[in-house]
Each structure stands twice: as structure tokens, then as C-alpha cells.
Amino acid sequence: MTKFKSFEAQPRDLWRTTDPNAFAPLAPFIRGATYAEPCYGEGDLDKGLSKYADCIWASDIEPQVDGVPKKDAVDLTEKDIEGCELIISNPPFSWHMLQPLLDKLPTLRPTWLLLPADFMHNKQSRPYMDKCSNIVSVGRLFFHKAGENPMVTKYSRGTANNAWYCFHDSAQQTIFTGWVPK
């Protein structure tokens, strides 16, 4: 049994990235960069990262924001993300949706994904850790369901630890690069 079984399943694993603690730990690695967000959802990640980097291309399998094109992230092409230096996303965590993204996205650009911190300890993750260059711990985050009020206070507490993982085909070794900033 997984620790997430107690949570109500969300269509397409759409959990909103509204916790402000998710963004600052990634800042030193993306500051001034341009990126693509292929799991755009309601645009929360873009809003949270906007003072650090510029999202110049976005898509979603079921866009929640007008003007965001409908496209499955596994169908991204070089042409789609031309001008983007990185891919940054809070992808679906369910393995049947996450695995194809792990196979595809790092072949296009260095890809920062917000995942459960436990990801690195799962057997199914082992082949992907060979493509992981950096892990930045962010601690417990609070995620919202689609349509919920995204109000998060300093007293809100998440239920699982999370980390940013950077995957790319030319990764040499994995470096644990940080804890939650004080």
C-alpha cells in the first residue's frame, strides 16, 4: 500500500503546485533561463517560477488556461520548444504517466521535475537515476486539487517530502545539491 492511497485520485494526477516553498530551492539552477512547461495545468508552476525564469512555451494534455495548446508531453518536438533552454514541470506521479515523460523529455532538454523525494529509492526509478544530474530537496509541500482554493499559509503542511530532479541524457553522476533554504 502506498502512502498516497488515502488521497482521492485526481484526473491526470492534476495536483496544483501552489506551495511557495516549491520554487526558491530551484532558483539558483534556473535563474535567467527560458523553459517549456509541458504539464501546464492551471499555470501555477509558471506563476511561482516567474521571478526566476521565463516560461516561453507551455502545453497540457487538457489545458486549463485559455491559449495553452493541447498537446501530450510525450509528443513534444524540438520545433515545439525552440528557444527553451530547459523543461520544468510538476508531472503526474502515477508511473504509467510519468515513465513515458522520463523517457522523452530528457532527450530534448535538461528537464527539472518536481517529484516525491522517495523517487530515487524505487527500483523502477533506477534506470532514470543514471540520467539524473541534480537533486534539490524542498521538503514537504502542500498541493491542491484542481478547482480548490490555492491558499497556502506558513502553517500549511504537506504530507510527503519532495525534491527537484534534473534529468538529461548527458548526465555523468547525480549530485545532491541542497536542502530547503532557511
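Everything below is about the structure shown above.
Notes on the structure follow. It should be emphasised that the depicted structure is a prediction, and the values quoted were computed from it without experimental measurement.

Each value, and the rule that gives it
- Residues numbered from 1 in each chain as written.
- Predicted model: local features only at pLDDT ≥ 70, side-chain atom pairs only at ≥ 80, totals over all residues.
- Heavy atoms only, no water.
- Helix = DSSP H or I, 4+ residues; strand = E, 2+ residues; numbered from the N terminus.
- Buried < 20%, exposed > 50% of the residue type's maximum accessible area, 1.4 Å probe, protein only.
- Contact = heavy atoms within 4.5 Å.
- Areas by Shrake-Rupley, 256 points an atom, 1.4 Å probe, with all protein chains shown as cover.
- Core = buried A, V, L, I, M, F, W, Y, C linked by side-chain atoms within 4.5 Å.
- Polar contact = N/O pair within 3.5 Å; in protein donor to acceptor, adjacent residues only side chain to side chain.
- Right-handed = clockwise from strand over helix to strand, strands pointing away.
- Pairing = 2+ DSSP bridges.

When helices and strands are counted, the chain shows 4 helices and 9 strands. A buried classification covers 48% of the 182 residues belonging to the chain. Across the chain, every contact between residues at least 6 apart in sequence was considered, and the portion connecting residues at least 24 apart equals 68%. Of the roughly 9700 Å² of accessible surface on the chain, 52% is carried by carbon and sulfur atoms.

Moving on, we come to the nonpolar core. Here is a general trend for soluble globular proteins: nonpolar side chains tend to be buried in one another's company. In this structure, Leu26, Ile30, Leu49, Leu86, Ile88, Trp112 and Trp164 are the most contacted members of the largest nonpolar core, which totals 20 residues. When residues no more than four places from it in sequence are discounted, the contact partners of Trp164 are Ala22, Leu26, Leu45, Ile88, Ser89, Trp112, Leu113, Leu114, Asn134, Ile135, Val136 and Val138. Formed by 12 residues, the second largest nonpolar core is a distinct cluster that contains Leu102, Leu113, Leu115 and Tyr165.

Further remarks concern the side chain of Ser125. Mapped onto the secondary structure, Ser125 falls in the loop between β5 (111–116) and α4 (126–129). Assessed through its relative accessible area of 0%, Ser125 is described here as buried. Reaching out from Ser125, the side chain makes a polar contact with the backbone oxygen of Phe119 at a distance of 2.8 Å.

Burial along strand β2 (residues 34–37) is two-sided: Thr34 and Ala36 and Tyr35 and Glu37, pointing in opposite directions, are all buried. Traced from β2 through helix α2 (residues 44–49) to strand β3 (residues 54–58), the parallel crossover comes out right-handed. Inspection of the sheet shows β2 paired to strand β4 (residues 86–89) by 2 bridges, in the parallel sense. Each bridged residue has a counterpart across the sheet, and for Tyr35 the counterpart in β4 is Leu86.

Just geometry here; none of it tells us what the structure is for.
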